[in-house]
Amino acid sequence: MSEIAPYPIAEEGQIRHAIFLPAAENEDNLKVELSMGKTMKVDCNRHMMGGTLESRDLKGWGYNYFVLTDVKTTGINHDWPARTIR
């Protein structure tokens, strides 16, 4: 990736990704949606993930890059009644 622009090296515990989009007409009218997630083994309760997505400037290149920090997962423990599955 360093041949494209000098993006910083990913910090410990992080992974660096680059997204390359095809050229299109009127690119200023287009948007890209980023969705972060994680594959985890969980129980039957509802689980959520949150964090801070920060846009940083790649000084001298005219690009921004994003860093996801303060990632936390939480679960809501529903007090499901016991049941038997036959």
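In this text, all values refer to a predicted model and were calculated from it rather than measured experimentally.

Definitions and cut-offs
- Residues numbered from 1 in each chain as written.
- Predicted model: local features only at pLDDT ≥ 70, side-chain atom pairs only at ≥ 80, totals over all residues.
- Heavy atoms only, no water.
- Helix = DSSP H or I, 4+ residues; strand = E, 2+ residues; numbered from the N terminus.
- Buried < 20%, exposed > 50% of the residue type's maximum accessible area, 1.4 Å probe, protein only.
- Contact = heavy atoms within 4.5 Å.
- Areas by Shrake-Rupley, 256 points an atom, 1.4 Å probe, with all protein chains shown as cover.
- 1 Å grid on protein atoms, 1.4 Å probe; cavity = no way out; pocket = protein on both sides within 12 Å on 5 of 7 lines; lining within 4 Å.
- Points joined across faces, edges and corners; volume = space filled by probe spheres on them.
- Nonpolar A, V, L, I, M, F, W, Y, C, P; charged D, E, K, R; others polar.
- Patch = residues over 30% accessible without salt bridge, like charges linked within 9 Å, V, L, I, M, F, W, Y side chains within 5 Å.
- Salt bridge = Lys/Arg side-chain N within 4 Å of Asp/Glu carboxyl O.
- Phe/Tyr/Trp six-rings, centres within 6.5 Å; stacked < 30°, edge-to-face > 60°.

1. Topic: the overall build of the chain
- Helix and strand content of the chain: 0 helices and 2 strands.
- Taking all 86 residues of the chain together, the buried fraction comes to 6%.
- Counting only contacts in the chain whose residues sit at least 6 apart along the sequence, the fraction spanning at least 24 positions is 44%.
- Of the accessible surface of the chain, which amounts to about 8500 Å², a share of 51% is contributed by carbon and sulfur atoms.

2. Quick notes on the layout of surface pockets
- Estimated volume of the largest pocket: approximately 1300 Å³.
- Along the walls of the largest pocket sit 31 residues, with H17, A18, I19, Y65 and F66 positioned nearest its centre.
- Elements represented by at least two residues in the lining of the largest pocket include exactly β1 (46-58) and β2 (63-76).
- At 7 residues, the largest contribution of residues to the lining of the largest pocket is made by β2.
- Residue composition of the lining of the largest pocket, by class: 21 nonpolar, 7 polar and 3 charged.
- Of the pockets and cavities examined, the second largest pocket occupies roughly 180 Å³.
- L21, P22, E27, L30, K31 and V32 together form the lining of the second largest pocket.
- For the lining of the second largest pocket, a count of residues per class yields 4 nonpolar, no polar and 2 charged.

3. Remarks on a nonpolar patch on the surface
- Together, I19, L21, V32, L34, M36, L53 and F66 make up a nonpolar patch on the protein surface, roughly 680 Å² of accessible area in all.
- With respect to the secondary-structure elements, L34 resides in the segment before β1.

4. Thoughts on the pattern of salt bridges
- Scanning the model with the defined rule gives 1 salt bridge in all.
- Between R56 and E54 there is a salt bridge; the shortest N-O distance is 3.1 Å.
- Classification of R56 by relative accessible area gives partly exposed; the value is 26%.
- The exposure class assigned to E54 is partly exposed, which follows from its relative accessible area of 34%.

5. Thoughts on the environment of K72
- Within the fold, K72 resides in strand β2.
- For the pair formed by K72 and G51, sequence separation is 21 residues and the distance between their alpha carbons is 6.2 Å.

6. Some remarks on the packing of aromatic side chains
- By the definition in use, this model includes 2 aromatic pairs.
- Their ring planes at 85 degrees and their centres at 6.3 Å tell us that Y7 and Y65 sit as a pair that is edge-to-face. Separated by 58 residues along the polypeptide, Y7 in the segment before β1 and Y65 in strand β2 bring together distant segments of the chain.
- Y65 gets classed as buried once you look at its relative accessible area, which sits at 18%.
- Here the aromatic cluster, defined as three or more aromatic residues joined through ring pairs, consists of Y7, Y63 and Y65.

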